[in-house]
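# Architecture and fold: a report
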Amino acid sequence: MTELLDIFRALADPTRLRIVALLREMELAIGELAVVLDQSQPRVSRHVRILVEAGIVERRREGSWVFLRIIRGGAVGDILAHADDWPFSAREALVVAHDARRLAAIRTERVAAAERYFAEHAAEWDAIRSRHVAESEVEAAMLAMLHNRRLGHLLDIGTGTGRMAEIFAPTARHVTALDRSPDMLRIARAKLTDQPVPVDLIQGDFLNLPMADATIDSIVIHQALHFAHEPDRVIAEAGRVLRGGGHLLVVDFAPHEDEELRTLAAHARLGFSDAQIRGWFASAGLLLETTQTLEGGELAVKLWLGRRRSDEDQPPVVRDGDGSHKRLAA
C-alpha cells in the first residue's frame, strides 16, 4: 500500500505528469527536460528527485551526463501501461501535445548535429576510426565470429563508407547497406562497385528500418550504436526485421569516459557494457551467444553476437504424470 501511495503522490502534480509523459517517449537529460518544459533546471531537478524517490524514474550516469528514464516493471510499469488512456482535460491535452512538439525538436537537433558531423567528415571517416584499436584487427575478429554462419541477406546498419558491406559481400547472398547520411552513401557507392553479390545502398533511419518483419538473415551494426540516443530501440528494430535463427553482430566501444568524443565526434553514448547489450538483446528476442573484447589504442572495442530466437529455442515439451503436456521453463 505504501508503494502505491508514494507513486500516486508523486504523480499528483502537473509538471511531474509532463515529465513522465516525456520520459515514456525517450531518455532525457535534466537540461533537455528543462528546455521542453520551459522551466529552470533547479526546479526540474526538484520534480525529478520526487519521481526518483517514488520509484518512478531512475538516473543513469554516463560520464558527466545523467540520463533519466522510466523504471520498467512492477507497480510503476502496470500503472504507466495505461497512461495513454488517462483522462486528460482538453487544456491538459494541449500542454502534452505542445511538449511532444518541443521534444520532436530536440530529437531533430540531435540528428542534425550528427548529420552535420557526418557531412563534414565523411571523407576521413575511416581515418577517424583508426585512432582506436586497429580496424584490421576488428575486421579479422568479426570475420572469425561469423565464420561458417549463413549470412544470406545481410543488412549493414550505419554502413558509413561501406567497409562492412565490402568485407562480408563475398560470403553473403545479398547485401543491403543503410545509412542516414547521403555523403556517406556517396562514398560507399563508389567503394562497392563490382561486388560478387547484389548490393543495395539505401538512405534510412536505424530507428525505423525500411524492411518488413522477419525478412533479413543477418545484421551488422559496426561502430554505429554509440550515435544512438536510444540504442535499445535500435536493437529492438534490428530484432524486428531479423528472421528466426538469424544473427546480429554489434561492434562498438566498451564503457569509457572520453567526453571529448561527444563534441568532436558526435557520440551520444560512451560505450556499452555486456549487461546493457544482453538486456536489450533479450528484450528484442535475441540470445547473446558470444562476446569478445579487443584491447589496444585509446579505447577497447567489444563484439557482441546474438541470434534471433526460433522455435528450436523453445524448451522441450514433456508429458506430465496425468497425461497432460507442459513446457519446461527455459
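Residues numbered from 1 in each chain as written. Predicted model: local features only at pLDDT ≥ 70, side-chain atom pairs only at ≥ 80, totals over all residues. Heavy atoms only, no water.

### A few points about the pairing of strand β5 (residues 174-179)
Across the 6 residues that make up β5, a large majority, 6, are buried. Of the two faces of β5, the one carrying H174, T176 and L178 and the one carrying V175, A177 and D179 are both buried. Note that strand β4 (residues 153-157) and β5 share 5 bridges and pair parallel. Within β5, the position partnered with H153 by the bridge is H174. Chirality of the crossover, the property in question, places the unit of β4, helix α9 (residues 163-168) and β5 among those that are right-handed. Across 5 bridges, β5 lies against strand β6 (residues 199-203) in parallel orientation. Bridge pairing in β6 places A177 opposite L201. (Buried < 20%, exposed > 50% of the residue type's maximum accessible area, 1.4 Å probe, protein only. Helix = DSSP H or I, 4+ residues; strand = E, 2+ residues; numbered from the N terminus. Pairing = 2+ DSSP bridges. Right-handed = clockwise from strand over helix to strand, strands pointing away.)

### Section: unusual backbone geometry
Phi is positive for N148, close to 65 degrees, though the residue is something other than glycine. Take N148: it is sitting in the loop between α8 (135-145) and β4. Overall, N148 belongs to the exposed group, its relative accessible area being 71%. The phi dihedral of A266 falls on the positive side, at around 60 degrees, and the residue is not glycine. Mapped onto the elements, A266 comes out in the loop between α12 (260-264) and α13 (274-283).

### Some remarks on helix α2 (residues 14-25)
Along its 12 residues, α2 runs 17 Å from first to last C-alpha, staying within 8% of the 16 Å computed at 1.5 Å per residue. Of the positions making up α2, those classed as buried are T15, R16, R18, I19, V20, L22 and L23. (Expected span 1.5 Å × (residues − 1).)

### Remarks on the packing of aromatic side chains
This structure, assessed with the given rule, holds 1 aromatic pair. Ring geometry for F272 against W280: centres 5.9 Å apart, planes inclined by 75 degrees, an arrangement best described as edge-to-face. The side chain of R269 reaches across the aromatic face of F67, ending 5.1 Å from its centre. (Phe/Tyr/Trp six-rings, centres within 6.5 Å; stacked < 30°, edge-to-face > 60°. Lys NZ or Arg CZ within 6 Å of the ring centre and 35° of its normal.)

### Overview of the packing of helix α3 (residues 30-37) against helix α4 (residues 41-53)
In the contact formed by α3 and α4, the axes pass within 9 Å of each other and the chain directions differ by 110 degrees. On the basis of the axis angle, α3 is roughly perpendicular to α4. Here α3 contributes I30, G31, L33, A34 and L37 to the contact with α4, which in turn contributes Q41, V44, S45 and V48. Of the residues assigned to the contact of α3 with α4, the class counts are 6 nonpolar, 3 polar and no charged. (Axes fitted to C-alpha atoms, helices over the stretch in contact; angles between N-to-C directions. Parallel < 35°, antiparallel > 145°, perpendicular 65-115°, else oblique. Contact = heavy atoms within 4.5 Å. Nonpolar A, V, L, I, M, F, W, Y, C, P; charged D, E, K, R; others polar.)

### Brief notes about the pairing of strand β8 (residues 242-253)
The buried fraction of β8 is high, at 9 of 12 residues. In terms of strand pairing, strand β7 (residues 216-222) meets β8 through 6 bridges, oriented parallel. By the bridge assignment for β8, I219 is matched with L248. Pairing analysis gives 7 bridges linking β8 to strand β10 (residues 301-308), with the strands arranged antiparallel. Looking at the pairing, F253 lines up with V301 of β10.

### What to know about the sheet that holds β5
With mixed pairing, 7 strands are arranged side by side in an open sheet as β6-β5-β4-β7-β8-β10-β9. Two strands close off the open sheet at either side, each with one partner strand: β6 and β9 (286-294). Between one strand and the next, the sheet's axes are offset by a mean angle of 15 degrees, whatever the strand orientation. Each of β7, β8, β9 and β10 touches α8; the most contacted strand, β9, lies at about 145 degrees to it.

### Here's the deal with the pattern of salt bridges
As a working rule, side chains carrying opposite charge can pair if their charged atoms are close by. Scanning all chains against the criterion turns up 18 salt bridges. The closest approach of N and O atoms between R18 and D99, which form a salt bridge, is 2.7 Å. Note that R18 is positioned in helix α2 and D99 in helix α6 (residues 90-121), a separation of 81 residues in sequence. Under the relative-accessibility criterion, R18 is labelled buried at 18%. Look at the salt bridges and you will find they share partners, linking E27, E58, R69 and R269 into a network. (Salt bridge = Lys/Arg side-chain N within 4 Å of Asp/Glu carboxyl O.)

### Regarding the nonpolar core
Among the nonpolar cores identified, the biggest contains 33 residues, and M142, F168, V175, L249 and L303 are the most heavily contacted of them. Counting residues per element, the ones that place at least two in this core are α8, α9, β5, α10 (182-191), β6, β8 and β10. Beyond its immediate sequence surroundings of up to four residues, M142 is in contact with M164, F168, V220, H222, L249, V251 and L303. Residues I30, A34, L37 and L51 belong to the second largest nonpolar core, which totals 27 residues. (Core = buried A, V, L, I, M, F, W, Y, C linked by side-chain atoms within 4.5 Å.)

### Section: α13
When α13 is considered as a whole, its buried residues turn out to be I277, W280 and F281. The arc enclosing the buried residues of α13, seen along the axis, measures out at 100 degrees, which places them on a common side. Seen from the open side of α13, the exposed residues pointing more than 90 degrees away from its buried face are A275 and S283. On the buried face of α13, the contacting elements are α11 (231-241), β8, β9 and β10. Downstream of α13 by a residue or two, G285 has a phi angle that is positive, lying close to 80 degrees. (Arc of directions from axis to C-beta.)

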